[in-house]
Amino acid sequence: MYQETDLKEMDKKIKTIKFAADELKEMSCKFPAVYRNTARILASVKMLEINISDIMDV
Amino acid sequence: MNQDQRYWNPVLETLPQEKLKKLQLKKFKRIFKWAYDNSKFHRGIYEKAGIKPDDIQSFEDISHVPKVEKSMMRDIQRKDPFPYGDALCVSLEDVTEFRQTSGTTGQPVYQADTWQDWEWWAESWSYVLWSQGYRPTDRVFIPFGYNIFVAFWAGHYGSEKIGCEVVPGGVLDTKARILKIQELKATAMMATPTYILGMAETAKKKMGIDPASLSINKITCAGEPGASIPSTKKRIEEAWGAKVYDHVGATEIGAWSYECEEQPGGLHVNEGLFLVEIEDVETGEIVNEPGRRGKMIITALDRQAQPCIRFDSKDIIEWAPEQCSCGRTYRLIKGGVIGRADDITKVKGVLLAPSAIEEVVREIDGLGEEFEVVVDKVGDIDQITLNVELMPGMEKQRESTEGRLKDQLRLKTNLGYNIIFHEYGILPRYEVKARRFKDLRKKH
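This structure is a prediction, so every number in the text was calculated from the model and none was measured.

Scoring rules and cut-offs
- Residues numbered from 1 in each chain as written.
- Chains lettered and ligands numbered in written order.
- Predicted model: local features only at pLDDT ≥ 70, side-chain atom pairs only at ≥ 80, totals over all residues.
- Heavy atoms only, no water.
- Helix = DSSP H or I, 4+ residues; strand = E, 2+ residues; numbered from the N terminus.
- Rg over C-alpha atoms; globule rule 2.2 N^0.38 Å.
- Buried < 20%, exposed > 50% of the residue type's maximum accessible area, 1.4 Å probe, protein only.
- Contact = heavy atoms within 4.5 Å.
- Lys, Arg positive; Asp, Glu negative; His and termini not counted.
- Charge placed at Lys NZ, Arg CZ, Asp CG, Glu CD.
- Disulfide = S-S within 2.5 Å.
- Buried area = accessible area lost by both parts, 1.4 Å probe.
- Salt bridge = Lys/Arg side-chain N within 4 Å of Asp/Glu carboxyl O.
- Pairing = 2+ DSSP bridges.
- Axes fitted to C-alpha atoms, helices over the stretch in contact; angles between N-to-C directions.
- Polar contact = N/O pair within 3.5 Å; in protein donor to acceptor, adjacent residues only side chain to side chain.
- Phe/Tyr/Trp six-rings, centres within 6.5 Å; stacked < 30°, edge-to-face > 60°.
- Lys NZ or Arg CZ within 6 Å of the ring centre and 35° of its normal.
- Core = buried A, V, L, I, M, F, W, Y, C linked by side-chain atoms within 4.5 Å.
- Arc of directions from axis to C-beta.

What follows deals with the overall build of chain B. Each helix and strand counted, chain B has 11 helices and 21 strands in total. By the compact-globule yardstick of 22 Å for 444 residues, chain B fits well, its C-alpha radius of gyration being 22 Å. Overall, chain B is about 70 × 60 × 45 Å in size when its C-alpha atoms are taken along their principal axes. With 444 residues in all, chain B has 57% of them scored as buried. By sequence separation, contacts in chain B at least 24 residues apart represent 69% of the contacts at least 6 residues apart. Separation of charge centres in chain B, based on 62 positive and 67 negative side chains, amounts to 1 Å.

Taken as a whole and judged by the stated rule, the model has zero disulfides over all chains. As a non-bridged cysteine, Cys89 of chain B has Cys308 of chain B as the owner of its nearest cysteine sulfur, 12 Å distant.

Attention now goes to the interface of chain A and chain B. In many analyses, interface size is given as the accessible surface area lost on bringing the parts together. Each side of the interface is counted separately: chain A has 14 residues, and chain B has 20 residues. Here chain A meets chain B over a buried area of about 1700 Å², counting both sides, of which 64% is carbon and sulfur. The tally of links between chain A and chain B comes to three salt bridges. Per-element accounting of the side of chain A that touches chain B gives the leading share, seven residues, to helix H2 (residues 32-51) of chain A.

All names here are of chain B. Pairing is mixed across the open sheet formed by four strands, whose spatial order is E20-E19-E18-E21. Looking at which strands have only one partner, the edges of the open sheet turn out to be strand E20 (418-423) and strand E21 (437-439). Averaged over all pairs of adjacent strands, the angle between their axes in this sheet comes to 15°, without regard to strand direction. Taken together, the six bridges between strand E19 (residues 381-390) and E20 define a ladder with parallel strand orientation. Across the sheet, the residue bridging to Glu389 is His422, located in E20. Strands in contact with helix H10 (residues 354-363) are strand E18 (367-378), E19 and E21; relative to E18, the strand with the most contacts, it is inclined by about 140°.

This part covers the side chain of Gln132 of chain B. Residues and elements named next belong to chain B. Tracing the chain through its elements places Gln132 in the loop between helix H5 (115-131) and strand E3 (139-142). In terms of polar contacts, Gln132 uses its side chain to reach the backbone carbonyl oxygen of Asp246, at 3.2 Å. Discounting residues that sit within four places of it in the chain, Gln132 has contacts with Lys218, Thr220, Tyr245, Asp246, Tyr258, Glu259 and Glu261.

Tallied over the full model, the rule gives 13 aromatic pairs over all chains. On the basis of an interplanar angle of 50° and a centroid distance of 5.7 Å, the ring pair of Trp120 of chain B and Phe274 of chain B is categorised as tilted. Note that Trp120 of chain B is positioned in helix H5 and Phe274 of chain B in strand E10 (residues 274-279), a separation of 154 residues in sequence. Each member of the pair Trp120 of chain B and Phe274 of chain B is classed as buried. Of the aromatic side chains, those joined through ring pairs into one cluster are Trp118, Trp120, Trp121, Tyr157 and Phe274 of chain B. The ring centre of Trp115 of chain B lies 3.7 Å from the NZ or CZ of Arg40 of chain A, which sits over that ring. The ring centre of Tyr424 of chain B lies 5.5 Å from the NZ or CZ of Arg429 of chain B, which sits over that ring.

Time to look at unusual backbone geometry. All names here are of chain B. A cis geometry characterises the amide bond from Asp80 onward to Pro81, with omega recorded as -5°. Relative to the assigned elements, Pro81 resides in the loop between helix H4 (70-76) and strand E1 (95-100). Cis geometry is found at the peptide bond from Phe82 to Pro83, where omega equals 0°. Position of Pro83 among the secondary structure elements: in the loop between H4 and E1. Phi at Gln263 takes a positive value of approximately 45°, unusual for a residue other than glycine. By the secondary structure assignment, Gln263 is in the loop between strand E8 (254-258) and strand E9 (266-269). Positioned with a positive phi, Arg310 is a non-glycine residue whose angle comes to about 50°. Positionally, Arg310 belongs in the loop between strand E12 (294-300) and strand E13 (311-317).

Residues and elements named next belong to chain B. Leu12, Phe28, Trp125, Ile253 and Trp256 are the most contacted members of the largest nonpolar core, which totals 81 residues. The biggest single contributor to this core is H5, with nine residues. Once residues lying within four places of it in the same chain are set aside, the contact partners of Ile253 are Trp120, Phe274, Met296, Ile298, Ala300, Arg303, Cys308, Phe311 and Ser313. One finds Leu197, Leu214, Cys221 and Val244 within the second-largest nonpolar core, a separate group that totals 24 residues.

Glancing now at the environment of Pro66 of chain B. Residues and elements named next belong to chain B. For Pro66, the position within the fold is in the loop between helix H3 (59-62) and H4. With 243 residues separating them in the primary sequence, Pro66 and Ile309 have C-alpha atoms 8.8 Å apart. Discounting chain neighbours no more than four positions away, the residues touching Pro66 are Ile45, Tyr46, Ala49, Ile51, Ile309 and Arg310.

Let us now look at helix H2 (residues 40-48) of chain B. An α-helix turns once every 3.6 residues. As a result, residues three or four positions apart point the same way. All names here are of chain B. Taken as a whole, H2 has its buried residues at Phe41, His42, Ile45 and Tyr46. Across the axial projection of H2, the buried residues extend over an arc of 120°, all falling on one side. Along H2, the residues that are exposed and aim more than 90 degrees away from the buried face are Lys40 and Lys48. On its buried face, H2 sits against helix H1 (17-38) and H4. The N-capping residue of H2, defined by a side-chain oxygen 3.3 Å from the backbone nitrogen of Phe41, is Ser39. Where H2 terminates, the next one or two residues include Gly50, which has phi positive at roughly 70°.

On to the pattern of salt bridges. Counting across every chain of the model gives 47 salt bridges over all chains. The closest approach of N and O atoms between Asp54 of chain A and Arg30 of chain B, which form a salt bridge, is 2.9 Å. With Asp54 of chain A in the segment after H2 and Arg30 of chain B in helix H1, this pair bridges two chains. Looking at Arg30 of chain B, the relative accessible area reads 34%, which means it is partly exposed. When the shortest N-O distance is used, the salt bridge between Lys234 of chain B and Glu238 of chain B registers 3.7 Å. Here Lys234 of chain B pairs with Glu238 of chain B, and both are found in helix H9 (residues 230-240), just four residues apart, close to one helical turn. Since its relative accessible area comes to 55%, Glu238 of chain B is described here as exposed. Salt bridges linked by common partners bring Lys67, Glu69, Glu279, Lys295, Asp312 and Lys314 of chain B together as one network.

Pasting the structure below:
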């Protein structure tokens, strides 16, 4: 089973991905191909948060 | 990836109940605030009840949050923004999916989803399918007419997310679907129990193919309670030589429950993604102890565009007393969804659930898969007519079959029935939700 340290590490990487995707989305509002694909990445990141990040503080 | 892994999410699905409760409370507060801040409809009903986001600190506080009924959603949809109304929490440009309810209980309700919601739909179906043994090695055939309803679209995307190969059986007719399953050696499929039984019948009687000889080893049923009714499950499993699992979800809620590989006689509530409360129909009290039936009030804890917060689903359920041997800590509801509050009706003063009739019909040999129940009044007295089909070659057993049927119905439902036998193939066949129960008393 997963240790708390593994989960913390996963959560850290999810935050990193989210930060990068948010930045990419912000800089691409005049670039539909990047903007829409980043929006989809962020939707997937949300699923990672539901599966890992949300559990971290309970 | 290790395909032997038993759980889709080994942490969340085995989280101790006290931690699950903390998670649900945290997520309820979050979705409540989201709806309060972004939907005129939600803010309106909460302000009227005098509840603000910071007021929610416990499950007791949650129980005071106003419920939302389907009829309210229908009214909302006459307002802007078209066509969803003011329950919408995002701008129309963020909506990527339109679906509507099947309209079984009245005017269909329109449902908006963002792409994030759609990912969430696929995610919640991934929990369902993984628990039922779907793995990337599976070839999943979906014998369903994909259309405006959410049914099986999300199952399709959930299968893809897991890594299965998906074969969309869309507009093919039943024979073509059976041939495609045979040709491609599909290993799994999902559809309504009625249709799955109808497919088996077509394969056997019209094509000379024994469905059990095909390669299907698991079937997920949804849309009707059949796969949680033991006699119906048994018929499907025997016909296809496959394990049959139930799943219950709804357009306006999401994929909230699943039967796992252990087939524990009930469904797990996905308590990481949903909060299920059971409300006593008479007193309105929240029921936490097993064995007491009530109405399901459900919250989808992560749904964004059109939130589902304390939705009065009208589904009748009860908590199971035991934990599942699969190791999941998610609680079980015993026997799946037992019925709907608006389907369970009083006949001659006795509460009648249509699923109880199905259970009897499906366990009697010599009867076809289809049946129809009509409740009417003769003078001032309620009368129930049960239309059934006799299988070919069973004519000589008609009298004994009728006797068994009446005895079992009396035993299981405490009511008497007028039985009408029909020739095999006469009663309507359904692909989507079967409508086998007709109450004509209101028409008088």
